[in-house]
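# Fold and geometry: a report
What follows is each chain in one-letter form.
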Amino acid sequence: MDTKIINVDGSSFDDDELQEAATLLREGEVVAFPTETVYGLGCNGLDEDAIGKVFEAKGRPQDNPLILHIASNDELYDLAERVPALAEELMEKFWPGPMTLILKKQSHIPDKVTGGLDSVGIRMPSHPIANRLIALSGCPIAAPSANRSTKPSPTRADHVVEDLAGRIPMIIDGGETGVGVESTVIDMTVYPPVVLRPGAVTLEMLREVDSEFQLDTGLEPGKTPKSPGQKYRHYAPKTKVVLVEDDADILRELEGRIPMFVAIMGMSDFVQPWDKLMRFDLGDSIEQVSANMFNALRILDHYGLQVILAQTYREEGLGLAVMNRLKKAASQSTNEK
Ligand code: TXA
Ligand code: MG
């Protein structure tokens, strides 16, 4: 299949530029598009055949549910049942934006979207292209991240091209995504609500709204993960990733290795002194680290390195989401060369 790539400038575009994509979505096809977190692979979330194509293109396990993307708050009431007042408060505060609410689903939502669960994830993205595309398509858009399953989420259109060219009819290139990590996923079917995946709507921000917000304890042995996505291999570069906190950690990892086959990624001042290594400067703030991290992992993975040393960050604010993704990359990358 030929993949058409169209360039759209998120800060100034008109509806005409998105009509072809909206028509494809309406007709049951899949389209990759930018959101403020990562690129999504979208389809009509009420069309089972279209949903099947998303799973197929991604190579994703069928029981891992998709989230539905909407263009305005009211659309949620056509999809979710029993919307708690606290969910409405969160919608008011953080939508449009990088937050997914898990709510009890209405019966017309296909099991294919929810992986057979009786809940559904819903999010209203703030990216102007995503928002307008959803509105023009006229349907809720089911969209996982637009990567092949087990690859890091795509934050640039060329990441999507790398993973999905030839498998999908269209990619909308809207430049870099911005936030860089996927949305905060919150289980609102329980009280206190539980953060299943940390993101840019941080635990601290949520606890300002209600101090009872909990963080999922995650993958404890023998426990069924609440967010089905957590049990799958994720964010795993082929190259081994080791988390390093300080010089002593770095020196220990360098023992017995050839410096030119070792990469170090982190903030500018952290990577700067290590000029014998391949340095990947992620920027000067946790926001920049978040925006650039997946790109760094993808690029460094092309070099056949012995190891990627990744700086650690304090697990607070956006740092919690960044560390969550880095830990997955580190725990699941295995084939050290
Ligand atoms: O930022 C994002 O959320 C991006 C952009 C494209 O919007 N999308 C995204 O989708 O990251 P995906 O499918 O890669 O991740 C959605 C996560 C998965 O871990 C999935 O298991 C979880 O949300 N999830 C979806 N529905 C759920 C449900 N009903 N209950 C629990 N977890 C759910
Ligand atoms: Mg994903």
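Residues numbered from 1 in each chain as written. Chains lettered and ligands numbered in written order. Predicted model: local features only at pLDDT ≥ 70, side-chain atom pairs only at ≥ 80, totals over all residues. Heavy atoms only, no water.

### Focus: the confidence of the model for the protein
Applicable threshold: The predictor attaches a confidence to each residue, called pLDDT, with possible values from 0 through 100. The contact criterion used is simple: two residues touch if any of their non-hydrogen atoms lie within 4.5 Å.
For the protein, mean pLDDT is 93; residues scoring 70 or higher make up 93% of the total. Low pLDDT, under 50, characterises residues 219–225; the predicted model gives this stretch eight contacts beyond four residues in sequence or across chains.

### Details of unusual backbone geometry
Selection rule: Per the convention used, a helix needs a DSSP run of H or I reaching at least four residues, while a strand needs a run of E reaching at least two, with both numbered from the N terminus. Working definition: with a 1.4 Å probe on protein chains only, accessible area under 20% of the residue-type maximum means buried, over 50% means exposed, and in between means partly exposed.
For the peptide bond that leads from Trp95 to Pro96, omega is -5 degrees, which places it in the cis range. Within the fold, Pro96 resides in the loop between α3 (85–94) and β6 (99–105). Positive phi values are uncommon outside glycine, yet Arg82 reaches one of about 50 degrees. By the secondary structure assignment, Arg82 is in the loop between β5 (80–81) and α3. Among the residues examined, Arg82 registers a relative accessible area of 64% and is labelled exposed. The backbone phi angle of Thr150 is positive, close to 85 degrees, even though this residue is not glycine. By the secondary structure assignment, Thr150 is in the loop between β8 (141–142) and α6 (157–164).

### Describing the pattern of salt bridges
The criterion, for reference: A side-chain nitrogen of Lys or Arg and a carboxyl oxygen of Asp or Glu constitute a salt bridge if their distance falls within 4 Å.
The full count for this structure, using the stated rule, is 16 salt bridges. One salt bridge in this structure joins Arg132 and Asp15, with 2.7 Å as the shortest N-O distance. Residue Arg132 is located in helix α5 (residues 128–137), and its partner Asp15 is located in the loop between β1 (4–7) and α1 (16–26); the two are separated by 117 residues in the primary sequence. Notably, a salt bridge pairs Glu36 with Arg123, separated by 2.8 Å at the nearest N-O pair. Highlighted residues: Glu36 in the loop between β2 (31–33) and β3 (40–44) and Arg123 in strand β7 (residues 119–123), separated in sequence by 87 residues. Residue Glu36 is classed as buried on the basis of its relative accessible area, which comes to 8%. Residue class for Arg123 comes out buried when judged on its relative accessible area of 2%.

### Some thoughts on the sheet that holds strand β16 (residues 307–311)
What counts is decided by this rule: Between any two strands, pairing holds if DSSP finds at least two bridges. In this analysis, axes come from line fits to C-alpha atoms, helices being fitted only over the stretch in contact, and the angle between any two N-to-C directions falls in the range 0 to 180 degrees.
Spatially, β13-β16-β14-β15 is the arrangement adopted by the four strands of the open sheet, whose pairing is parallel. Looking along the sheet, the strands with just one partner apiece sit at the ends: β13 (241–244) and β15 (278–281). The mean inter-strand angle of the sheet, taken between neighbouring strand axes irrespective of direction, is 25 degrees. Each of β13, β14 (262–266) and β16 is contacted by helix α8 (residues 247–254), which is oriented at about 150 degrees to β13, the strand it contacts most.

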